[in-house]
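As a plain string of letters, each chain reads:
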Amino acid sequence: MESIAEKYSAPQRQSKVAIGIILIKLVRQTIKAFWPILLSFFIGGKNGNSFVDYVGYIALAFAALNVFGSILTFFRFYFHIEDGAIVIDKGVLKRSKVNIPFERIQTINFQQNILHQMFGVVSLEIDTAGAGKAELTIDALNKEEAEAIRQFILTERKAVISEVDSSEESLEEEKGDTILHLGISDLIKIGVSQNHLRSMGLLFAFVFSTMNEITDDITGLVESQVDGYESFLANNKWAVMALSILLVAFISFVYSIISITLSNYDLKLSLKKNGLKLVRGLLNRQEISVNKKKVQVVSWSDNPIRRLFNMYTLQIDQASSTDAAQLKSKIKVPGSYQHQVDKVAKNVFPAEYYRPEKKNKVNKILLTRINVLVGIIPALIAQTLYFALGWYCLLFLLWIPLIGSIANMYYRKRSFELNKELLKNSRGTFGNMYELLQLRKIQAIQIKQSWYQRRKKLANVTLFTASGSIKIPFLDLNQAEDLEKYVLYKVESDKREWM
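What counts, and where the lines are drawn
- Residues numbered from 1 in each chain as written.
- Predicted model: local features only at pLDDT ≥ 70, side-chain atom pairs only at ≥ 80, totals over all residues.
- Heavy atoms only, no water.
- Helix = DSSP H or I, 4+ residues; strand = E, 2+ residues; numbered from the N terminus.
- Buried < 20%, exposed > 50% of the residue type's maximum accessible area, 1.4 Å probe, protein only.
- Contact = heavy atoms within 4.5 Å.
- Areas by Shrake-Rupley, 256 points an atom, 1.4 Å probe, with all protein chains shown as cover.
- pLDDT = per-residue confidence, 0-100.
- Phe/Tyr/Trp six-rings, centres within 6.5 Å; stacked < 30°, edge-to-face > 60°.
- Lys NZ or Arg CZ within 6 Å of the ring centre and 35° of its normal.
- Salt bridge = Lys/Arg side-chain N within 4 Å of Asp/Glu carboxyl O.
- Pairing = 2+ DSSP bridges.
- Axes fitted to C-alpha atoms, helices over the stretch in contact; angles between N-to-C directions.
- Core = buried A, V, L, I, M, F, W, Y, C linked by side-chain atoms within 4.5 Å.

1. Focus: the overall build of the chain
Here comes step 1: The helix and strand inventory of the chain stands at 17 helices and 20 strands.
Here comes step 2: Residue burial in the chain is summarised as follows: out of 499 residues, 39% are buried.
Here comes step 3: Pairs at least 24 apart in sequence give 58% of the contacts found in the chain among residues at least 6 apart.
Here comes step 4: Carbon and sulfur atoms provide 61% of the accessible area of the chain, an area that totals close to 27,900 Å².

2. Observations regarding the confidence of the model for the chain
Here comes step 1: Averaged over every residue, the pLDDT of the chain is 81; the share at 70 or more is 78%.
Here comes step 2: Confidence scores differ between elements of the chain, with helix α8 (residues 218–226) showing the lowest mean pLDDT of 51 and strand β16 (residues 422–427) the highest of 97.
Here comes step 3: Ignoring residues within four places in sequence, the model shows residues 162–173, a span with pLDDT below 50, making 38 contacts including any to other chains.
Here comes step 4: In the predicted structure, residues 322–327 sits below a pLDDT of 50 and forms 8 contacts with residues beyond four places in sequence or in another chain.

3. Re the packing of aromatic side chains
Here comes step 1: The final tally for this structure, using the stated rule, is 5 aromatic pairs.
Here comes step 2: Note on phenylalanine 102 and phenylalanine 152: the rings are 6.1 Å apart at their centroids and 90° apart in plane angle, and the pair reads as edge-to-face. Of this pair, phenylalanine 102 sits in the loop between β3 (96–101) and β4 (105–112) while phenylalanine 152 is found in helix α5 (residues 143–160), placing the two residues 50 residues apart along the sequence.
Here comes step 3: Looking at phenylalanine 102, the relative accessible area reads 2%, which means it is buried.
Here comes step 4: With 6.2 Å between their ring centres and 85° between their planes, tryptophan 451 and tyrosine 452 make a pair best called edge-to-face.
Here comes step 5: Positioned above the aromatic ring of phenylalanine 110, the side-chain terminus of arginine 150 is 4.0 Å from the ring centre.
Here comes step 6: Sitting over the face of the ring of tyrosine 411, lysine 361 holds its NZ or CZ atom 4.8 Å from the ring centroid.

4. Points about the pattern of salt bridges
Here comes step 1: Using the criterion set out here, one finds 9 salt bridges in the structure.
Here comes step 2: Residue aspartate 89 pairs with arginine 95 through a salt bridge whose shortest N-O separation is 3.2 Å.
Here comes step 3: According to the relative accessible area criterion, arginine 95 is partly exposed, its value standing at 32%.
Here comes step 4: For glutamate 287, the salt bridge is made with lysine 277, and the minimal N-O distance between the two is 3.1 Å. In this pair, glutamate 287 sits in strand β10 (residues 285–291) while lysine 277 sits in strand β9 (residues 275–280), placing the two residues 10 residues apart along the sequence.
Here comes step 5: We classify glutamate 287 as buried; its relative accessible area is 9%.
Here comes step 6: Lysine 277 gets classed as buried once you look at its relative accessible area, which sits at 15%.
Here comes step 7: Taken together, the shared-partner salt bridges connect Glu147, Arg150, Lys277 and Glu287 into one network.

5. Some details on the pairing of strand β13 (residues 330–336)
Here comes step 1: Counted residue by residue, β13 has 5 buried out of 7 residues, so it is predominantly covered.
Here comes step 2: Pairing between strand β12 (residues 312–318) and β13: 5 bridges, direction antiparallel. Within β13, the position partnered with isoleucine 316 by the bridge is isoleucine 331.

6. Examining the sheet that holds β3
Here comes step 1: Taken in spatial order, the 3 strands of this open sheet run β1-β2-β3, and their pairing is antiparallel. Here the strands that pair on one side only, and so sit at the sheet edges, are β1 (78–81) and β3. Shown here is a sheet whose adjacent strand axes are inclined to one another by a mean of 15°, direction ignored.
Here comes step 2: Here 4 bridges tie β1 to strand β2 (residues 85–90), and the two strands are oriented antiparallel to one another. Residue pairing for β2: tyrosine 78 is matched across the bridge by aspartate 89.

7. A closer look at the environment of lysine 448
Here comes step 1: Note that lysine 448 resides in strand β18 (residues 444–448).
Here comes step 2: For lysine 448, a relative accessible area of 55% corresponds to the exposed category.
Here comes step 3: Measuring from C-alpha to C-alpha, the distance between lysine 448 and threonine 462 comes to 8.1 Å, with 14 residues separating the pair along the chain.
Here comes step 4: Contacts of lysine 448, omitting those with residues within four sequence positions, involve Gln453, Ala459 and Asn460.

8. Digging into the sheet that holds strand β6 (residues 136–142)
Here comes step 1: If you trace the 7 strands from one edge of the open sheet to the other, you get β6-β5-β4-β10-β9-β8-β7, paired in antiparallel fashion. Either end of the sheet is taken by a strand with one partner, and the two such strands are β6 and β7 (178–181). The mean angle between the axes of side-by-side strands here comes to 15°, regardless of whether they run parallel or antiparallel.
Here comes step 2: Bridge count for β7 against strand β8 (residues 268–272) is 3 bridges, and the pairing is antiparallel. Pairing of leucine 180 across the sheet is with leucine 269, part of β8.

9. Here we look at the nonpolar core
Here comes step 1: In terms of nonpolar packing, the biggest core is built from 31 residues, with Leu269, Leu276, Val298, Trp300 and Val344 touching the most fellow members.
Here comes step 2: No other element matches helix α12 (residues 338–348), which puts 4 residues into this core.
Here comes step 3: Grouped together as the second largest cluster of nonpolar side chains are 24 residues, Tyr411, Phe416, Leu423 and Val461 included.

10. A few points about the environment of arginine 496
Here comes step 1: Locating arginine 496 in the fold gives a position in the segment after α17 (477–493).
Here comes step 2: Sequence-wise, arginine 496 and lysine 441 are 55 residues apart; in three dimensions their C-alpha atoms are separated by 9.8 Å.
Here comes step 3: Those residues in contact with arginine 496, other than ones at most four positions away along the chain, are Glu421, Gln438 and Arg440.

11. Brief notes about unusual backbone geometry
Here comes step 1: Phi angles above zero are rare outside glycine, and aspartate 83 is one such case at about 50°.
Here comes step 2: If you trace the backbone, aspartate 83 turns up in the loop between β1 and β2.
Here comes step 3: Of the residues examined, aspartate 83 reaches a relative accessible area of 76% and is grouped as exposed.
Here comes step 4: A positive phi angle, near 50°, is found at phenylalanine 474, a position not held by glycine.
Here comes step 5: Summarising the element assignment, phenylalanine 474 is placed in strand β20 (residues 468–476).
Here comes step 6: Overall, the relative accessible area of 9% leaves phenylalanine 474 in the buried class.

See the structure below:
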């Protein structure tokens, strides 16, 4: 039987399905760039003027160009395996050749949109150490072939790694224990406990941005529609308001359920020898491998509704050389229970050090400052509105106890725990947020003081990792300096590799 190395020693093309995948990419890019213009001309097309006809011809030209471009891109893309590396030769007007040695490869992930799933192919994405995005992508490969290529690369990579430490190896494709599997009931719980205000904002943004393209006078359009119902609204304004709120809330709720279901359908998180494997999605199926060496921070959070279900949003932050917010370096699992969070943390960090430690509180001056700056001062300033509001301005005094209770909730949750290996940062107001990182992976630590903090001998401490930063505010200066010395000692004295 022909080996993988022999089979792919000569340049190969992708599956022909790649033509459709590339075409979809090009169409999406075109629509993303020109959708406001296309929408306005589509709606204005009813006028039948010749200018709009010309725009239609231009749209057809773009469509033809996209089809031609996708076919040409397919025939100008080759890949093969050569001397312990995977090589990509691509480009239409400008040719480029990418050569990635196996030892540089960190993870190999699969993506499947609905077209991939229909034809049994996958998009293969290869990430390397320090890459800001997938360094190499093959748009469409037969799933069995892609699995064989991935296993071959990982096996060869293991053979060329010189260090004996098993943590240096990439993820292996052995079957692992499934520690989390989201069912329909879990997805409903997650949807119910989502941030529906965010969903409302997205819906309103879409509606109003679309309306702006249709007409320049949204106010006039709304008023013209409302004028005919003016008397009805005047007599039933509270009922209309209540129904409107219920309608918007229902639409936002349905949107959240659908969004969560599509992105996290049949989500499975499995333990592997050297990390984790995440598979999820309905229309866009993702298969992501997480190398535990690259994991910088494991965090989990809840909100008041999610707490009723004893569920957390689990997030795994991986090392990244560029702005992590723009990358797929932050992997979110929206429905996790505490024992599942514990399993993940014990898998990627030293299990014996994952334990409760003494809580170090921030200075109580932080609580006082929040009460004064956010509560008392704004409430007193509001009293200057007496001439406009009369005695009603006294209602603003209720702001003081409200902020006081919220600030107290925040202060009680603000703490950190520390041992020889791990630092756990705790925070939150109505919900809870926990961030766990390994000391040896900290890249820098910063102590910063405002003029007020200098007077009170306080400081903010920021811990920088390859995936972002974690901040601990209002520590006593001596405590902040002790933390800095300890972290720097642990980083400099630890010789273990983590990239």
